[in-house]
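# Structural overview for review
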Amino acid sequence: MYGGRMVLTPDAHLLAQDLQVLQVLGASRSRIVGCLMAAALRCLPRWPGVSLDRRRSVRLVPAGTDAIPVQLDGESAGWLPAHVSLSNRSCTLLVPPPYVRRLGTARAE
């Protein structure tokens, strides 16, 4: 989720074995406003110019020469280009039982 209840990647969750990547082609202000409206109406994955893919890794590069900051959960994490990938190393997450039940998963590993 992003911005409270606005869902941008409906199938993304903490227990997934992949990343759900949302790409918006053409970053004009009108395109972004349209995408935000589509997200509010929960139809963003079907919106023209939007693709939703599953990946194990993603390389993010700037379209131009401007420096583009990267944030992780709202915290500054550097600048583009960046490589985001899943790791084989594990970490312990405390997940509330209702979250696990909502996913239909017997237990979080």
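Residues numbered from 1 in each chain as written. Predicted model: local features only at pLDDT ≥ 70, side-chain atom pairs only at ≥ 80, totals over all residues. Heavy atoms only, no water.

## Thoughts on the overall build of the protein chain
Note the following rule: Helix numbering and strand numbering both begin at the N terminus, where a helix is a DSSP run of H or I of at least 4 residues and a strand a DSSP run of E of at least 2. The rule is simple: take the accessible area with a 1.4 Å probe, protein chains only, and divide by the maximum for that residue type; under 20% is buried, over 50% is exposed, in between is partly exposed. It only takes one pair of heavy atoms within 4.5 Å for two residues to be counted as in contact. For every accessible area listed, the method is Shrake-Rupley and the probe measures 1.4 Å; residues are considered covered only by the protein chains on display.
Scanning the protein chain for helices and strands turns up 2 helices and 6 strands. Its C-alpha atoms give the protein chain principal-axis dimensions of about 45 × 30 × 20 Å. In the protein chain, buried positions account for 16% of the 109 residues. Counting contacts in the protein chain only where the partners sit at least 6 residues apart, residues at least 24 apart contribute 56% of the total. Summing over all exposed atoms, the protein chain offers an accessible surface of approximately 8,900 Å²; the carbon and sulfur share of this is 55%.

## So, the pairing of strand E5 (residues 75-79)
Worth spelling out the cut-off: Criterion used throughout: strands pair if DSSP finds at least two bridges between them.
Within E5, only 0 of the 5 residues are buried, which leaves the element largely exposed. Bridge count for strand E4 (residues 69-72) against E5 is 4 bridges, and the pairing is antiparallel. Bridging from a neighbouring strand, valine 70 pairs with glycine 78 of E5. The antiparallel hairpin formed by E4 and E5 contains 2 residues in its connecting segment, where aspartate 73 sits at a positive phi of about 55 degrees.

## Digging into the environment of cysteine 43
Along the polypeptide, cysteine 43 turns up in the loop between helix H1 (29-40) and strand E2 (50-55). Each C-alpha atom, one on cysteine 43 and one on valine 7, is 9.5 Å from the other, the two residues being 36 residues apart in sequence.

## Overview of H1
Test applied: One less than the residue count of a helix, multiplied by 1.5 Å, gives the span that helix is expected to have. It is the directions from the helix axis to the C-beta atoms that the arc portrays.
Here H1 is 12 residues long and its end C-alpha atoms lie 17 Å apart, about the 16 Å a rise of 1.5 Å per residue gives. Taken residue by residue, H1 has Gly34, Cys35, Ala38 and Ala39 as its buried positions. Relative to the axis of H1, the buried residues are bounded by an arc of 140 degrees and lie together on one face. What points out from H1, more than 90 degrees from its buried face, is the exposed set Arg29, Ser30, Met37 and Ala40. The inward-facing, buried residues of H1 contact strand E1 (19-24) and E2.

## A word on unusual backbone geometry
In this chain, leucine 80 is followed by proline 81 through a cis amide linkage whose omega measures 5 degrees. Mapped onto the elements, proline 81 comes out in the loop between E5 and strand E6 (82-85). A positive phi is found at arginine 42, a non-glycine position, where the angle reads about 60 degrees. Among the structural elements, arginine 42 can be located in the loop between H1 and E2.

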